[in-house]
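One-letter residues, chain by chain:
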Amino acid sequence: MNVNSQNFTSMRKPKTFNNPERFVEGWYWVMPSQNLRIGEVKPVTILGRKLVVYRGQDKRVVICDAYCPHMGAHLAEGRIEGNELRCFFHHWKFDNQGICVEIPCLDEPLPIKLKTWPTNEGYGMIWIWTGETPQQPLPFIPDLQQQQFDITFGFHFVKNCHPNVVLINAIDAQHFNTVHKLPLEVIFDKEEYNHNVIIFTNITDIRRGHSFTKLIRSLFKHPINYSICYWYGSTGIVSLGPDFLGLHMMFALRLLESGKTEGQTIFMLKKRSHLFGRLFNQLIFWVTKLVGEHFIQDDEKVFRTIRFDLKTPIKADQAIMQFINHIEQQKPLLWSTWNLARREVEPQATQNQWRDDLTND
Ligand code: FES
Ligand SMILES: [Fe+2]
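Residues numbered from 1 in each chain as written. Chains lettered and ligands numbered in written order. Predicted model: local features only at pLDDT ≥ 70, side-chain atom pairs only at ≥ 80, totals over all residues.

Comments concerning the environment of Ala 66
Step number 1: Structurally, Ala 66 can be placed in the loop between strand 5 (61-65) and strand 6 (79-81).
Step number 2: Distance in space between the C-alpha atoms of Ala 66 and Thr 45 is 9.1 Å, their sequence separation being 21 residues.
Step number 3: When residues no more than four places from it in sequence are discounted, the contact partners of Ala 66 are Pro 43, Lys 50, Leu 51, Val 52, His 74, Leu 75 and Ala 76. (Helix = DSSP H or I, 4+ residues; strand = E, 2+ residues; numbered from the N terminus. Contact = placed C-beta atoms within 7 Å.)

Structural data, given as structure tokens:
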């Protein structure tokens, strides 16, 4: 296939995609829920910002900035009293909204507030919303929002490239053949579900045409549907369905310093009742981890050495370009401060958009 040179020259460098200083406002994973017991407070650094996370007696998780608004002591050294956090240094106390409720040497507390952030728990994880008010629920699969899942954690990993670049692996059609040696022809259809969510679904039957896929075809009578649902360009949920066991794999990623990635995979299976169903799910989780490990090994070299720069896109890269455009349209925040990143004024609105309608001869 040839590159259409006219489209190639009209492309602009993305401003948010693969930018080590930027991320999209959204929900990001913090730590497994089970790692934070009632009455515990812990330090965390998320997207460059120092925070503390604690669980009060009411079991609710609170996340606030790490440094005390009095003199800057680190609040993870403090202690939890009921649902409130007391700084260890001069014993000022803050409630779960961050409001100062006690200063021991004064009759009345001062009207000051410790910055708190919206939190939620789901998929066995604590999550944080990186803005004032959540604009979305936690990441979910649109058609399956009501479904009950069994959950298990897969891999926790660090990669030497940006989360956006890690996630496009799942829609990089060419590399299924070249890196993973899968004899599949994968062409994606995209659906922008909302401002923060884009879904790519293969429109080719991946059971078709090769001896490898004959085995799959004999096991599954309906076309196997591969799709990935991206939230904020940082969390992706891969689904194999509709009749493929009800298995989904969430890749929850966040940006580390120098444009690296910290990630956690979370496997989800349609809940099955009775002992046999539960054992069956455990078996599928086990197999999924084995297969997942294999795929991760294959991609290891890519993530360790790539300097992403899509200089020469072809038709087979179309889904990647659509993903880049989708990220460019979301609310960009700056790493570490979480302030709004400046949006450069474009001479023409359309120039903000990468051409993703490549046609190849
Ligand atoms: S620094 Fe926290 S109370 Fe003084
Ligand atoms: Fe891959």
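Some thoughts on the nonpolar core
Step number 1: Ranked by size, the top nonpolar core spans 69 residues in total, and within it Val 30, Val 52, Ile 63, Trp 127, Ile 171, Tyr 230 and Phe 323 carry the most contacts.
Step number 2: Counting residues per element, this core draws most heavily on helix 6 (residues 318-328), which supplies six residues.
Step number 3: A domain-level breakdown of this core finds at least three residues from each of domain 1 (39-129) and domain 2 (142-334).
Step number 4: Each residue touching Phe 323, except ones within four places of it in the same chain, is listed here: Ile 168, Ile 171, Ile 198 and Tyr 230. (Core = buried A, V, L, I, M, F, W, Y, C linked by C-beta atoms within 7 Å. Buried ≥ 20, exposed ≤ 12 C-beta atoms within 10 Å, placed from the backbone. Domains from an automatic or database assignment.)

Regarding helix 5 (residues 274-305)
Step number 1: Taking 1.5 Å as the rise per residue, helix 5 with 32 residues should run 46 Å; its terminal C-alpha atoms sit 46 Å apart, in good agreement.
Step number 2: The largest bend along helix 5 reaches roughly 45 degrees and is located at Asp 299. (Expected span 1.5 Å × (residues − 1). Bend = angle between axes of the 7 residues up to and from the residue.)

Quick word on the sheet that holds strand 2 (residues 27-32)
Step number 1: With antiparallel pairing, the three strands of this open sheet are ordered in space as 2-12-11. Both edges of this open sheet fall to strand 2 and strand 11 (119-122), since each of them pairs with a single strand only. On average, each strand axis in the sheet is inclined to that of its neighbour by 30 degrees, with strand direction left out of account.
Step number 2: Pairing of strand 2 with strand 12 (residues 125-129), which is carried by five bridges, proceeds in the antiparallel orientation. Its bridge partner lying in strand 12, Pro 32 is registered against Met 125. (Pairing = 2+ DSSP bridges. Axes fitted to C-alpha atoms, helices over the stretch in contact; angles between N-to-C directions.)

Some words on helix 6
Step number 1: The buried count for helix 6 comes to eight of eleven residues, which makes it a mostly enclosed element.
Step number 2: Those residues of helix 6 that sit buried are Gln 318, Ala 319, Ile 320, Met 321, Phe 323, Ile 324, His 326 and Ile 327.
Step number 3: Those residues of helix 6 that are buried lie in contact with strand 1 (22-24), helix 2 (163-168), helix 3 (173-178), strand 14 (188-194), strand 15 (197-202) and strand 16 (225-231).

Regarding the sheet that holds strand 9 (residues 100-102)
Working definition: the strands of a sheet are paired by backbone hydrogen bonds and lie parallel or antiparallel to each other.
Step number 1: Strand order across the open sheet formed by four strands is 6-7-8-9, with antiparallel pairing between neighbours. Of all strands in the sheet, those bounded by a partner on one side alone are strand 6 and strand 9.
Step number 2: Summarising the sheet, strand 7 (residues 84-86) and strand 8 (residues 93-94) pair through two bridges and their orientation is antiparallel. For Leu 85, the partnering residue across the bridge sits in strand 8 and is Phe 94.

A word on the confidence of the model for the protein
Step number 1: Taken residue by residue, the protein gives an average pLDDT of 88. The fraction at 70 or more is 85%.
Step number 2: Confidence drops under a pLDDT of 50 for residues 1-10, and excluding neighbours within four residues, the segment shows 17 contacts in the predicted structure.
Step number 3: Note on residues 345-352: pLDDT under 50 across the span, and four contacts to partners over four residues away in sequence or across chains. (pLDDT = per-residue confidence, 0-100.)

Notes on the environment of Pro 111
Step number 1: Residue placement: Pro 111 occurs in the loop between strand 9 and strand 10 (116-117).
Step number 2: In sequence terms Pro 111 and Cys 100 are eleven residues apart; their C-alpha atoms lie 6.8 Å from each other.

Examining the environment of Val 41
Step number 1: In this structure, Val 41 sits in strand 3 (residues 41-46).
Step number 2: Overall, Val 41 belongs to the buried group, with 20 C-beta atoms counted inside 10 Å.
Step number 3: Distance in space between the C-alpha atoms of Val 41 and Leu 85 is 8.6 Å, their sequence separation being 44 residues.
Step number 4: Not counting residues within four places of it along the chain, the set of residues in contact with Val 41 comprises Val 52, Tyr 54, Ala 76, Gly 78, Ile 80 and Leu 85.

Describing the pairing of strand 19 (residues 261-270)
Step number 1: The buried fraction of strand 19 is high, at eight of ten residues.
Step number 2: Of the pairings in the sheet, the one linking strand 13 (residues 149-159) to strand 19 comprises nine bridges and is antiparallel in character. Across the sheet, the residue bridging to Thr 152 is Phe 267, located in strand 19.
Step number 3: Here nine bridges tie strand 18 (residues 247-255) to strand 19, and the two strands are oriented antiparallel to one another. The partner of Leu 247 across the bridge, within strand 19, is Leu 269.
Step number 4: Between strand 18 and strand 19, which pair antiparallel in sequence order, lie five residues; one of them, Ser 258, sits at a positive phi of approximately 60 degrees.

Topic: the pairing of strand 14
Step number 1: Here six bridges tie strand 14 to strand 15, and the two strands are oriented antiparallel to one another. When the sheet's bridge partners are listed, Glu 192 is paired in strand 15 with Ile 198.

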